[in-house]
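The lines below spell out each chain.
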Amino acid sequence: MVRQGVDPRRTSLKVGIFGAEPWTEDMRREIEHRLDMHAVDIYGLSEVMGPGVANECVETKDGLHIWEDHFYPEVIDPATGEVLPDGEPGELVITSLTKQAMPVIRYRTRDLTRLLPGTARPMRRIEKITGRTDDMIILRGVNLFPTQIEELILRTPQLSPHFQCVLSRQGRMDTMTVRVERRVEAEPAAADRAGADLAELVKNTIGVSVAVRVVEPDDVERSLGKMRRIVDRRAGD
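The structure displayed is predicted, hence computed values, not measured ones.

### Some points on helix α2 (residues 146-153)
Now for step 1: A large share of α2 lies buried, amounting to six of its eight residues.
Now for step 2: Within α2 the residues assigned to the buried category are P146, T147, I149, E150, L152 and I153.
Now for step 3: Buried positions along α2 lie against α1 (25-35), β12 (142-144), β13 (159-170), β14 (173-182), α3 (188-205) and β16 (230-232).

This is the structure we're talking about:
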């Protein structure tokens, strides 16, 4: 919008529904501030029905109400498969109740969340997806998710939330480089300093050392659907 000369805050948009990948509360605040509208989350997966398995209510924005008349949700321990009580974090499992032709029974989504009581609607909620079991990075014994990196980037005004975590191996040691774009309005020198600040934030907050490489706007690859957050180059090292 900005590149086209449009002020995002002066459009007629009132509510945006965003899905396709996990996003943080910091990202919600960023969207709502930049576009002057409500930003709510939606959940779905193509194996079940696509978008619309669960959706946030604009009145509360406190998690996604799952349509329990069509889907039966469970949360399990991803390691043992044990069903966990409501409120406990784990992996979401879905059983379709009304889908015809290709129903799914106890389908493991790999998405990490927890079940919560209803608020704006009577059906139960799932907490915002925090990550996927297959997106978890284990770096020198520390577990981290791309959403944790996103939260820290959004605390750094000179950096944009377009980033990738690039994994490689030096000798027997795994390393990670965060490739992150500077914002268009940020001076390159200021963005480089922000990159050093981000590395320090990651060290102090998550407890692992990473390299940060600040790149030009639009330098991180874009894709249709889910963004490729993790680039694993360890197999070729």
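### Focus on the layout of surface pockets
Now for step 1: Considering only enclosed or pocket space, the largest pocket measures out at about 1,200 Å³ in volume.
Now for step 2: The wall of the largest pocket is formed by 33 residues, among which E30, R34, P161, H162 and R183 lie closest to the centre.
Now for step 3: Elements with a contribution of two residues or more to the lining of the largest pocket: α1, β13 and β14.
Now for step 4: A per-class count over the lining of the largest pocket returns 15 nonpolar, six polar and twelve charged.

### Quick word on the sheet that holds β14
Now for step 1: Spatial strand order, β15-β14-β13-β16: four strands in an open sheet with mixed pairing. Of all strands in the sheet, those with a lone pairing partner are β15 (211-215) and β16, marking the two edges. When the angles between neighbouring strand axes are averaged without regard to direction, this sheet yields 20°.
Now for step 2: With nine bridges joining them, β13 and β14 adopt antiparallel strand pairing. Across the sheet, V166 pairs through a bridge with T177, a residue of β14.
Now for step 3: The sheet contacts of α2 involve β13, β14 and β16, and relative to β13 the element is tilted by about 135°.

### Considering unusual backbone geometry
Now for step 1: Positive phi, close to 75°, is recorded for A101, a residue that is not glycine.
Now for step 2: Tracing the sequence through the fold places A101 in the loop between β6 (90-96) and β7 (107-113).
Now for step 3: Backbone geometry places R140, a non-glycine residue, at a positive phi of 50°.
Now for step 4: Looking at the element boundaries, R140 is found in the loop between β11 (137-139) and β12.
Now for step 5: For R140, a relative accessible area of 36% corresponds to the partly exposed category.

### Some points on the packing of aromatic side chains
Now for step 1: For the structure on display, the rule yields one aromatic pair.
Now for step 2: With a centroid separation of 5.9 Å and 70° between ring planes, the pair formed by F18 and W23 is classed as edge-to-face.
Now for step 3: Of note, K128 hangs over the ring of W23, and the distance from its end group to the ring centre comes to 3.4 Å.

### Considerations on a nonpolar patch on the surface
Now for step 1: Among the surface-exposed residues, M1, V6 and L13 lie close enough to one another that they form a single nonpolar patch of about 240 Å² accessible area.
Now for step 2: Mapped onto the elements of the fold, M1 is located in the segment before β1 (15-18).
Now for step 3: Its relative accessible area of 46% is what places M1 among the partly exposed residues.

### Notes on the UniProt feature "domain: AMP-dependent synthetase/ligase" (unreviewed entry) in the protein
Now for step 1: When the UniProt feature table is mapped onto this chain numbering, "domain: AMP-dependent synthetase/ligase" (unreviewed entry) sits at residues 10-95.
Now for step 2: Summarising residues 10-95: 13% helix, 40% strand, and an end-to-end C-alpha distance of 42 Å.

### Re the sheet that holds strand β9 (residues 125-126)
Now for step 1: Strands sit in the order β1-β2-β3-β4-β9-β8 across an open sheet of six strands; the sheet is mixed. Edge positions in the sheet fall to β1 and β8 (115-116), since each has one partner strand and no second.
Now for step 2: In this sheet, β9 lies alongside strand β4 (residues 64-66) in antiparallel orientation, the contact comprising two bridges. Opposite H65, over in β9, you have R125 as the bridge partner.
Now for step 3: Contacts between α1 and the sheet are confined to β1, β2 (38-45) and β3 (50-56), with β2 contributing the most and set at about 130° to the helix.

Conventions adopted
Residues numbered from 1 in each chain as written. Predicted model: local features only at pLDDT ≥ 70, side-chain atom pairs only at ≥ 80, totals over all residues. Heavy atoms only, no water. Buried < 20%, exposed > 50% of the residue type's maximum accessible area, 1.4 Å probe, protein only. Helix = DSSP H or I, 4+ residues; strand = E, 2+ residues; numbered from the N terminus. Contact = heavy atoms within 4.5 Å. 1 Å grid on protein atoms, 1.4 Å probe; cavity = no way out; pocket = protein on both sides within 12 Å on 5 of 7 lines; lining within 4 Å. Points joined across faces, edges and corners; volume = space filled by probe spheres on them. Nonpolar A, V, L, I, M, F, W, Y, C, P; charged D, E, K, R; others polar. Pairing = 2+ DSSP bridges. Axes fitted to C-alpha atoms, helices over the stretch in contact; angles between N-to-C directions. Phe/Tyr/Trp six-rings, centres within 6.5 Å; stacked < 30°, edge-to-face > 60°. Lys NZ or Arg CZ within 6 Å of the ring centre and 35° of its normal. Patch = residues over 30% accessible without salt bridge, like charges linked within 9 Å, V, L, I, M, F, W, Y side chains within 5 Å. Areas by Shrake-Rupley, 256 points an atom, 1.4 Å probe, with all protein chains shown as cover. Salt bridge = Lys/Arg side-chain N within 4 Å of Asp/Glu carboxyl O. UniProt positions renumbered as here; feature names shortened; annotations may be inferred.

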